[in-house]
Structure formats: structure tokens, C-alpha cells
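# Coordinate inspection notes
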Amino acid sequence: MTPGVRPLVAGNWKMNGSRASLAECRILGDGFRDGLHSRTDALLIPPATLLMATADILAGTAVCVGAQDCAFDERGAHTGDLSAEMLADAGASFVVVGHSERRLDHGDTNATVRAKAVAAWRGGLVAVICVGETREECDAGKTFDVLSRQIEESVPGRATSQSTVIAYEPVWAIGSGDTPSLEVVARTHAHIRARLKDKMGTDAAKVRILYGGSVNPSNGNELIGADNVDGALVGRAAMTGADFLSLLRAMFC
Ligand code: PGA
């Protein structure tokens, strides 16, 4: 963790969940109380179909709600897209941009991700900007080069520690059960912090840098103990309310 920086743990449901899953939101909201909330922020990121109902359920709780992606424009002829303003109207306060699944499945480039981050701010949302290398890039020793370039090109110059969260997710660690060693995570997060400092100056010290990729109750506590790891972006281990709470307890209690 970074001293003086409040951690954030985000649970991303990806393309999972139906109305029945709203019961999980209630469990999470009810369980995320003083013992946990005094130690960390929590963010639930349901699919867009459940965003409004999730936000309504979590309204009286300390759990924040986010969306998984946004369009660049505020409105218009973009069938299938959702603007940051629409997501904010539905109750989101965060939006993930540049998740590797969007980069790979939908061709989101660094320039696209940057434009989406700017759109997120315009709509009043915090942008969670994802970066991370592929297995091939990792094996070729290119991780730092890839991350430097992603940060240079995906993080807008006007980013602040209030408007922006960075999620470092090695693509090969997502959903695989495989994670980098703690030393590698700490070294990589330090590299990201240094590149953010080049871009943002002293405010970079307060940016939350999340680790993502196979975080679970067994590795969450040591990950959050690493320098410059200010939380986690989690898929599988946060799909139910009880699992999300177990993970938070394992990380912080
Ligand atoms: P995972 O997903 O926790 O299931 O590895 C992480 C992510 O894609 O953000």
C-alpha cells in the first residue's frame, strides 16, 4: 500500500449476471460495514443491464458502483454504445476503460482509451484506466516498455489522483490462476508510479494503482501489502456478495 492513499477494491462482473444477481449486491452492501469500510473503498462493476438497479440497492451503503466501458461522445447515433453521462445518470461514479478484454475483443487502442478517459471525466466519472502486458511481451522482457507506452498514450495529460485510477493487469494473469511474484508486482507498480510522475508531477504519489489478475483470498493480503499496490481489480473472486466480502476480509482484516 502507499501511505496516505485509501485503497480501492473493485469487483468486475464482466458479462455475467441477471436480475437474480441483485441479491448479491444486497449481501455486499449489507456486509460492507465499519470494520471494512474504515480500511478500504469498495466498487462493484455490474453489466450495464444491472447498473441502475445495482445503484439503487447500494445507494444507502458505502459501496460505489461503476461501469465496464463508455463511449467517447455524449449522445447521438451510436447504436449499442453508452455515454459516460448516461452511466452517471444510471448511478455510476466510476468507469473502467481499456480493460484488456476491450483492447483485445474490440480493438480499443491507447488513443481510444485516452479519449474514453476524457469522456469519463466529462460525464463526472472517475476513470479506471487499465494497462498490462501479454504473455509474449512478458516473456520477451518488454513489460516495462509496454507499460511506459500504454501510460504515455492512454493516460490523458490532465489526469489527477482524484479523477483517475490505474489498474495494472498482466493479461496472462487474468482468469488464469497465475500471478506474477510479489517482487515483480512491486517492481512493476513502482515503474508505473514513476511514469505517472513524469506525466503528472507530485500528484502521481496519490494515484491509486490497483493490481488485477487472479486476485483471491489466498493472495490478496500479501498483494495489498506490497509497495505501490493500492487495491485490486477483481473478476472471478468477486462474483458473489459473499465472495467479495471474504476477499475484502482476507485483504484487510
Ligand atoms: P480475474 O479477472 O480476477 O478473474 O483474473 C481480473 C480482471 O479481468 O479484471
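The rules behind these values
Residues numbered from 1 in each chain as written. Predicted model: local features only at pLDDT ≥ 70, side-chain atom pairs only at ≥ 80, totals over all residues. Heavy atoms only, no water. Axes fitted to C-alpha atoms, helices over the stretch in contact; angles between N-to-C directions. Helix = DSSP H or I, 4+ residues; strand = E, 2+ residues; numbered from the N terminus. Parallel < 35°, antiparallel > 145°, perpendicular 65-115°, else oblique. Left-handed = near helix turned anticlockwise from the far one by under 90°. Contact = heavy atoms within 4.5 Å. Near = heavy atom within 4 Å. Polar contact = N/O pair within 3.5 Å; in protein donor to acceptor, adjacent residues only side chain to side chain. Areas by Shrake-Rupley, 256 points an atom, 1.4 Å probe, with all protein chains shown as cover. Nonpolar A, V, L, I, M, F, W, Y, C, P; charged D, E, K, R; others polar. Buried < 20%, exposed > 50% of the residue type's maximum accessible area, 1.4 Å probe, protein only. Lys, Arg positive; Asp, Glu negative; His and termini not counted. Salt bridge = Lys/Arg side-chain N within 4 Å of Asp/Glu carboxyl O. Expected span 1.5 Å × (residues − 1). Arc of directions from axis to C-beta. Pairing = 2+ DSSP bridges. Right-handed = clockwise from strand over helix to strand, strands pointing away.

A few words now on the packing of helix α1 (residues 22-31) against helix α3 (residues 51-58). Running from N to C, α1 and α3 cross one another at 30 degrees; their axes reach a closest spacing of 9 Å. Classified by the angle between their axes, α1 and α3 sit roughly parallel to one another. Seen from above, α1 lies across α3 with right-handed handedness. Counting all contacts with α1, which are made through L22, C25, R26 and G29, the residues of α3 involved are A53, T54, I57 and L58.

Another point: the site of the ligand. In the neighbourhood of the ligand, the contacting residues comprise K14, H99, E169, A173, I174, G175, G213, S214, L233, V234, G235 and R236. Residue G175 places a main-chain N or O atom 2.7 Å away from an oxygen atom belonging to the ligand. G235 is positioned with one of its backbone polar atoms (N or O) 2.8 Å from an oxygen atom of the ligand. The protein chains hide 98% of the 280 Å² of surface that the ligand would expose on its own. Its residues assigned to classes, the shell around the ligand shows four nonpolar, five polar and three charged.

Let's shift gears to the side chain of E169. Topologically, E169 is positioned in the loop between β6 (164-168) and α9 (182-200). Buried charge without a salt bridge: E169, with K14 as the nearest opposite-charge side chain at an N-O distance of 6.4 Å. Side-chain polar atoms of E169 contact the side chain of H99, separated by 3.2 Å. Leave out the neighbours within four places in its chain, and E169 touches H99, C130, V131, G132, E133, I174, G212, G213 and L233.

In this section: helix α11 (residues 241-252). With 12 residues, α11 should cover 16 Å at 1.5 Å per step; its first-to-last C-alpha distance of 16 Å lies within 8% of that length. For α11, the complete set of buried residues consists of G241, F244, L245, L247, L248, M251 and F252. Projected onto a plane normal to the axis of α11, the buried residues spread over an arc of 160 degrees and lie on a single side. Along its buried surface, α11 packs onto β1 (8-12), α1, α2 (34-37), β2 (41-45), α10 (220-224) and β8 (231-234).

Bringing α3 into the picture now. Those residues of α3 that fall on the buried side of the exposure criterion are L51, T54, A55 and L58. The arc enclosing the buried residues of α3, seen along the axis, measures out at 100 degrees, which places them on a common side. Of the residues in α3, the exposed ones pointing more than 90 degrees away from the buried face are M52 and D56. Elements in contact with the buried residues of α3: α1, β2, β3 (63-67) and α4 (84-89).

What follows covers the pairing of β2. Among the five residues that make up β2, five are buried, leaving the element largely enclosed by the rest of the structure. Residues of β2 alternate between two faces, with D41, L43 and I45 on one and A42 and L44 on the opposite face, all of them buried. Looking at chain direction, β1 and β2 are connected through five bridges and run parallel. Counterpart to G11 in the pairing with β2 is L44. With three bridges connecting them, β2 and β3 associate as parallel partners. Across the sheet, L43 pairs through a bridge with C64, a residue of β3. Handedness of the crossover joining β2 and β3 through α3 is recorded here as right-handed.

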